[in-house]
Amino acid sequence: MALVVQKFGGSSLATPERVISAARRAIAQFQAGNQVVVVCSAQGDQTDQLINLAQQIHERPSPRELDMLKAVGEQMSIALMAIAIHKLAHEAISLTGAQAGIRTDSFHGKAKIKRIDTRRLQQELARGQIVIVAGFQGVDSEDNITTIGRGGSDPTAVALAAALGAERCDIFTDVDGVYTADPRIVPEARWIPRMDYDELLELSSLGAKVMQSRAVELAKRFGVALRVRSSFSDSEGTLVTDLSGEMEYVDVRAAALDLNEAKITIRHVPDQPGVAATIFSEIARANVNVDVIVQNVSERGLADVSFTVMKEDRLLALDVARGLAEKLGASGVESDENTAKVSVIGIGMRSHSGVAERMFRALADEQINILMISTSEIKISCVIEAPNGERALRAVHRAFQLDKDNSDRT
Ligand code: ADP
Ligand code: ASP
Ligand code: MG
């Protein structure tokens, strides 16, 4: 008997009718002879509302208590899903992250799943239950409730699929699959039928929130076949697997816009060996992920060091940067939340040249100034001013002809 994991995102569960329609999908899989594990996110934008509620009381709530609060959203969804399946005359049981054996480290707000003790899950599956698990949450070694980062129900689903040896993991969302760019911003974006893990990994790390990047990383590591598909239609979705053995590559497969980064600059840092190491090891110790880094040419032995972090880490990164500025004798620290990052991605870039040039030209033609640049062998990113973000995404999408059928390009 095969096991299938189905994950439903917030919009797929936003109303009682949608919960019932998701329940029907779970039952259909069960009736097809599979064991079924369903992972639920919080309904609609409830996680945002919960965070907002806490912030009305305290500007920087305790991370532990914030996790306690955020975990509530998923707990509501799993109970409602179980109730819907019961109403449709099938057996189902809901489990919180802790009850499902999901053990994490203790970094509240962005904990990592360490292991899954699958005993309870296996027992319930063996009893013929459809098992419904709360996404996004787990418990640490002292039984504190943790959450695993925004969009965290995706990694919960993939980690469960890996731990239980699932045949596949279906990610149900509000789009027909992965597109060449966010279809809400670029209406001419095209649906991508098949994608390599590495491409989706880059795309999701670069701001395309259709799939959380850690989930793609786990899927790649454990060879979990992913299908990203719509909960509102029966279209086939995007199959994400290892395509690295295939020869047919387009240079650029997709473009992404990230509005969730803030730029921090430490001014007039002494330009000496070891300074960058000191700065970025202290930032890493605060568990803040740094994305793009730029150090300008030094003048009179002093240089400016700029880097970007996720907006939710801005205040923490600023605290660390201010401490560093004092320690290093820098002249000050600035932060800018008004930035965006536009990127193009494709594993074919490994063997094609001229991609960077085309991207810079597309931005120049739109009179969009580039603040920072970062590249890897399969992506190019430019940090720009936020108000230009959507226009930049559309321009880049057009420049690489992503709106055209490119299946015959290599
Ligand atoms: P869920 O609540 O199901 O987890 P999300 O809102 O997290 O859904 O992700 C789905 C959204 O991702 C879509 O509504 C779409 O606007 C956005 N998105 C961004 N980039 C892409 C892309 N390249 N392809 C498809 N959707 C994208
Ligand atoms: N509810 C959580 C969030 O909004 C997790 C998820 O949706 O995947 O980030
Ligand atoms: Mg999501």
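Presented here is an overview of the structure given in this document. (Residues numbered from 1 in each chain as written. Chains lettered and ligands numbered in written order. Predicted model: local features only at pLDDT ≥ 70, side-chain atom pairs only at ≥ 80, totals over all residues. Heavy atoms only, no water.)

## As for the nonpolar core
Consideration 1: Core analysis: the largest hydrophobic core is formed by 45 residues, its most contacted members being V5, L121, V158, C169, L203 and M211.
Consideration 2: Among the elements that line this core, the one with the most residues is helix 5 (residues 153-164), at 6 residues.
Consideration 3: When sequence neighbours within four positions are dropped, the list of residues in contact with L121 reads L95, A100, I116, V131, V133, L160 and L164.
Consideration 4: Grouped together as the second largest cluster of nonpolar side chains are 25 residues, A340, V342, M359 and A392 included. (Core = buried A, V, L, I, M, F, W, Y, C linked by side-chain atoms within 4.5 Å. Buried < 20%, exposed > 50% of the residue type's maximum accessible area, 1.4 Å probe, protein only. Helix = DSSP H or I, 4+ residues; strand = E, 2+ residues; numbered from the N terminus. Contact = heavy atoms within 4.5 Å.)

## A word on the environment of A364
Consideration 1: Relative to the helices and strands, A364 resides in helix 10 (residues 355-365).
Consideration 2: Given a relative accessible area of 36%, A364 falls into the partly exposed group.
Consideration 3: Separated by 31 residues in sequence, A364 and A395 have C-alpha atoms that sit 10.0 Å apart.

## Points about the packing of helix 6 (residues 197-205) against helix 7 (residues 213-222)
Consideration 1: Direction vectors running N to C along helix 6 and helix 7 enclose 165°, while the axes themselves pass 8 Å from each other. The orientation of helix 6 relative to helix 7 falls into the category roughly antiparallel. In this structure, helix 6 meets helix 7 at a crossing whose hand is left-handed. Only S213, V216, E217, A219 and K220 of helix 7 make contact with helix 6, whose side of the interface consists of Y197, D198, L200, L201, S204 and S205.
Consideration 2: Broken down by class, the residue content of the contact of helix 6 with helix 7 amounts to 5 nonpolar, 3 polar and 3 charged. (Axes fitted to C-alpha atoms, helices over the stretch in contact; angles between N-to-C directions. Parallel < 35°, antiparallel > 145°, perpendicular 65-115°, else oblique. Left-handed = near helix turned anticlockwise from the far one by under 90°. Nonpolar A, V, L, I, M, F, W, Y, C, P; charged D, E, K, R; others polar.)

## Things to note about the environment of Q6
Consideration 1: Along the chain, the position of Q6 falls in strand 1 (residues 3-8).
Consideration 2: Relative accessible area serves as the criterion here: at 1%, Q6 is assigned to the buried category.
Consideration 3: Placed 372 residues apart in sequence, Q6 and I378 show a C-alpha to C-alpha distance of 30 Å.
Consideration 4: Setting aside its immediate chain neighbours within four residues, Q6 contacts R25, A26, Q29, V36, V37, V38, V39, D170 and F172.
Consideration 5: Reaching out from Q6, the side chain makes a polar contact with the backbone nitrogen of A26 at a distance of 3.5 Å. (Polar contact = N/O pair within 3.5 Å; in protein donor to acceptor, adjacent residues only side chain to side chain.)

## Focus: the site of ligand 1
Consideration 1: Around ligand 1, a shell composed of 18 residues is seen, among which T173, D174, Y179, D182 and R184 lie nearest.
Consideration 2: Measuring from an oxygen atom of ligand 1, one finds a side-chain N or O atom of D174 at 2.8 Å.
Consideration 3: Within the side chain of D182, a nitrogen or oxygen atom sits 2.8 Å from an oxygen atom of ligand 1.
Consideration 4: For ligand 1, whose free accessible area comes to 580 Å², the fraction covered by protein is 90%.
Consideration 5: Of the residues in the shell around ligand 1, the class split is 8 nonpolar, 5 polar and 5 charged. (Near = heavy atom within 4 Å. Areas by Shrake-Rupley, 256 points an atom, 1.4 Å probe, with all protein chains shown as cover.)

## Regarding unusual backbone geometry
Consideration 1: Its identity is not glycine, yet F136 carries a phi of approximately 75°, on the positive side.
Consideration 2: Topologically, F136 is positioned in the loop between strand 6 (130-134) and strand 7 (137-139).
Consideration 3: You can call F136 buried: its relative accessible area is 3%.
Consideration 4: Even without being glycine, Q401 reaches a positive phi, approximately 50°.
Consideration 5: The topology assignment puts Q401 in the segment after helix 11 (389-399).
Consideration 6: Owing to a relative accessible area of 39%, Q401 belongs among the partly exposed residues under this scheme.

In short, shape yes, function no, at least from these values alone.
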